[in-house]
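Summary of structural features
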Amino acid sequence: MNFNFTLPNLPESPQFFPQNMMVLASTLSDAKIPIPSVDKVLAAIKQGKADEVSKLEWVYCIYAKAEWDQKNIHIANYSSSRIWQVAVSNYWLQHYLLWRLTLYYNSQNNQRLADSLSQTFHIFANSSQVKNLLQVKIVLALKNTNPGEELAKIAGEYLVNRSQLINKVNGYLPIWISAFNQFSQYITPYFCKINTPSESHVNWLLSCFEEMLDDKQAVAVDYLLVNISQNIGSKHIKLVEWLRKNYRSGEKWYKLSETARKKLRDLIGAINYADFQKLVDLILHKISLEEWERNRLTRRKEFWYDYSRRFERLRILIPESSSKSLGDYLKGDIDILKNDGSEPTEICIFDFGEWIVVEFFRGKGSETRIFPNNPKNQQVLFDESQLSVKRIRGLGGDRHDHVYLWQEFCPKWLEKKGIIPNSGYIPTKSIDNHRLLDREYQLQNWEIVIEKLEREAKNYCCRMGYEIN
């Protein structure tokens, strides 16, 4: 099959001739455009006329300097030092030189730039007028054998994370260079070398963590945990709380080494025990107690110190009467117990992972209770705002006394639940029959008291509509 097409008639294209341009060109037939030279620029510097050198001349001078140096080896560094001296007061020139020098260092000297300009950079960098400029410090860091480590120091000095550092020099330096993508790995090692990190340092570190990808963050956190000193962790609760929130459970927990996991458990426990210890000391110093009550509280503090590294988290509750007595001395997250008619007592709730331990400080019962760490118990014991003594006792759970010799028997009771001391073992002590009989007598009386308290607690919970066990 044949197809025949007829082309349409199109208007003739207009013809344009650059008559004026051609006339102008004819008048310039013998003209020559002067090419800038390194010698001309150096001569202007020598004559004190550097401000008359055009940007084009500076660009050509910097570009041609490497080749010029080969023919003028004896004055290569001297001439470059004169250029740097001009750059101190010539903002455009210093910007151009720093940009070129950054690319030079970043590409392992493959960028076309005279070595003499790199070798004499210190003359510019040490000038009092520019040495404190961030971009100058960064270019000096890039000159170092380990630029990433040096950039981490600069970020720490300015308390900025990677993104903030890049934003500060954007427009002054080429921000796509590889060193800006590598220095995050040196942030944690730098932090760990700070003798007494401030709260600002901690905030900076956490800001750096937050912008890292998960895998890189896990490596950085692992290094931190392995190398951080225990006393720094105890002074910076915000840091430990961030670590607990982000790494104590879930997938991130298993990205840490066993050494790091143990250190994190220890840090969390130390913080929680410190709060427990402060509360006991406040009660001993600010609340009027019988001598036997004071001795009992002191022994509690000593006992739980042996388990301090096992605390995952802690909740402190105090009666309203204690709140009035302790007043401004109370610090931190402390809740007030709802008044349900029980004897005044402070309560500490410890999270031991699989188990929740509740310690009653005072009163006739003054027991320790242990509950499975299930969602229900966790919600009541850690999240319920209007918690009372009877509400807790109404939950049931296993209980242990604080009568004579309780320190010898309680560790074995806890061990059955998998809760062991920091040392990992429980020392055995021989107890004579006479002392055992004394304990048994006191224990029988305690059982009578605690059963009465539990009945009252269950009746209270029934009236309030709480579920009981």
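Up top is the structure.
Presented here is an overview of the structure given in this document.

The rules behind each value
- Residues numbered from 1 in each chain as written.
- Predicted model: local features only at pLDDT ≥ 70, side-chain atom pairs only at ≥ 80, totals over all residues.
- Heavy atoms only, no water.
- Helix = DSSP H or I, 4+ residues; strand = E, 2+ residues; numbered from the N terminus.
- Buried < 20%, exposed > 50% of the residue type's maximum accessible area, 1.4 Å probe, protein only.
- Contact = heavy atoms within 4.5 Å.
- Areas by Shrake-Rupley, 256 points an atom, 1.4 Å probe, with all protein chains shown as cover.
- Core = buried A, V, L, I, M, F, W, Y, C linked by side-chain atoms within 4.5 Å.
- Salt bridge = Lys/Arg side-chain N within 4 Å of Asp/Glu carboxyl O.
- Phe/Tyr/Trp six-rings, centres within 6.5 Å; stacked < 30°, edge-to-face > 60°.
- Polar contact = N/O pair within 3.5 Å; in protein donor to acceptor, adjacent residues only side chain to side chain.
- Arc of directions from axis to C-beta.
- 1 Å grid on protein atoms, 1.4 Å probe; cavity = no way out; pocket = protein on both sides within 12 Å on 5 of 7 lines; lining within 4 Å.
- Points joined across faces, edges and corners; volume = space filled by probe spheres on them.
- Pairing = 2+ DSSP bridges.
- Nonpolar A, V, L, I, M, F, W, Y, C, P; charged D, E, K, R; others polar.

Let us now look at the overall build of the protein. Per the secondary structure count, the protein includes 24 helices and 6 strands. A burial count over the protein gives 46% of its 469 residues as buried. Of the contacts formed within the protein by residues at least 6 apart in sequence, a portion of 66% connects residues at least 24 apart. For the protein, the accessible area works out to roughly 26500 Å², and carbon and sulfur atoms hold 51% of it.

Here we come to the nonpolar core. Ranked by size, the top nonpolar core spans 79 residues in total, and within it Ile83, Phe121 and Ile138 carry the most contacts. Ranked by the residues each element gives to this core, the list is headed by helix α5 (residues 91–106), at 7 residues. Beyond its immediate stretch of four places on either side in the chain, Ile83 contacts Leu42, Ile45, Trp58, Cys61, Ile62, Lys65, Leu93, Leu97 and Leu117. Ranked by size, the runner-up nonpolar core spans 30 residues in total, among them Ile316, Cys348, Val357 and Trp406.

Applying the stated criterion across every chain yields a total of 27 salt bridges. Salt-bridge contacts for Glu57 lead to Lys40; the nearest nitrogen and oxygen are separated by 2.8 Å. Here Lys40 lies in helix α2 (residues 38–46) and Glu57 lies in helix α3 (residues 55–71), a separation of 17 residues in the sequence. For Glu57, a relative accessible area of 13% translates into the label buried. Across the pair Lys262 and Asp266 runs a salt bridge whose closest N-O atoms are separated by 3.1 Å. Taken as a pair, Lys262 and Asp266 lie in helix α18 (residues 258–286) at a separation of 4 residues, close to a single helical turn. By relative accessible area, Lys262 is classed as partly exposed at 42%. When its relative accessible area of 10% is taken as the criterion, Asp266 is described as buried. Each member of the salt-bridge network shares a partner with another, and the members are Glu367, Arg369, Arg393, Arg399, Glu447 and Glu454.

With respect to the secondary-structure elements, Cys192 resides in helix α12 (residues 187–193). Judged by relative accessible area, which is 22%, Cys192 ranks as partly exposed. Sequence separation between Cys192 and Tyr223 is 31 residues; the distance between their C-alpha atoms is 9.0 Å. Apart from the residues within four sequence positions on either side, Cys192 is in contact with Tyr223, Leu224, Asn227 and Ile228.

Let us look at the packing of aromatic side chains. Taken as a whole, this structure holds 23 aromatic pairs when the rule is applied. Consider the rings of Trp99 and Trp176, whose centres lie 5.8 Å apart with planes at 70 degrees: the pair is edge-to-face. Note that Trp99 is positioned in helix α5 and Trp176 in the loop between α10 (162–169) and α11 (179–182), a separation of 77 residues in sequence. Using a relative accessible area of 27% as the deciding quantity, one classes Trp99 as partly exposed. Taking 6.1 Å as the distance between ring centres and 40 degrees as the angle between the ring planes, the aromatic pair formed by Trp242 and Tyr247 counts as tilted.

Position of Thr120 among the secondary structure elements: in the loop between α6 (115–119) and α7 (121–125). There is a polar contact of 2.7 Å between the side chain of Thr120 and the backbone oxygen of Ser116. The contact partners of Thr120, leaving out residues within four places of it in the chain, are Asn77, Ser80, Ser81 and Trp84.

In this section: α10. Leu165, Ile166 and Val169 are the residues of α10 that are buried. Buried residues of α10, viewed axially, fall in a sector of 100 degrees; they line one side. Tucked into the core, α10 has its buried residues touching α8 (134–143), α9 (147–158) and α11. By the N-cap criterion, in which a side-chain oxygen at the helix start approaches the backbone nitrogen of a residue two or three places on, α10 is capped by Asn161, the distance to Ser163 being 3.2 Å.

This part takes up empty space enclosed by the protein. Under the definition given, this model contains 1 cavity of 30 Å³ or more. Taken as a whole, the largest cavity spans an internal volume of roughly 30 Å³. Together, Tyr91, Gln94, His95, Leu98, Gln135 and Tyr172 line the largest cavity. Among the elements that make up the lining of the largest cavity, the one with the highest residue count is α5 (4 residues).

Attention now moves to the pairing of strand β5 (residues 368–372). In terms of burial, β5 is largely enclosed, as 4 of its 5 residues are buried. Across 5 bridges, the pairing between strand β4 (residues 355–360) and β5 is antiparallel. Residue pairing across strands places Glu359 opposite Thr368, the latter belonging to β5. As defined by bridge partners, β5 adjoins strand β6 (residues 398–400) across 3 bridges and the pair is classed as antiparallel. Its bridge partner lying in β6, Arg369 is registered against Arg399.

Turning our eyes to something else, we now look at the layout of surface pockets. The volume enclosed by the second largest pocket comes to roughly 530 Å³. In terms of lining, the second largest pocket is formed by 22 residues, of which the most central are Arg248, Glu312, Phe352, Gly353 and Glu354. Counting residues per element, the ones that place at least two in the lining of the second largest pocket are α16 (237–247) and α17 (251–254). Each residue belonging to the lining of the second largest pocket can be placed in one class, and the counts come to 6 nonpolar, 5 polar and 11 charged.

Remember that the coordinates give geometry; whether it matters functionally is a separate question.
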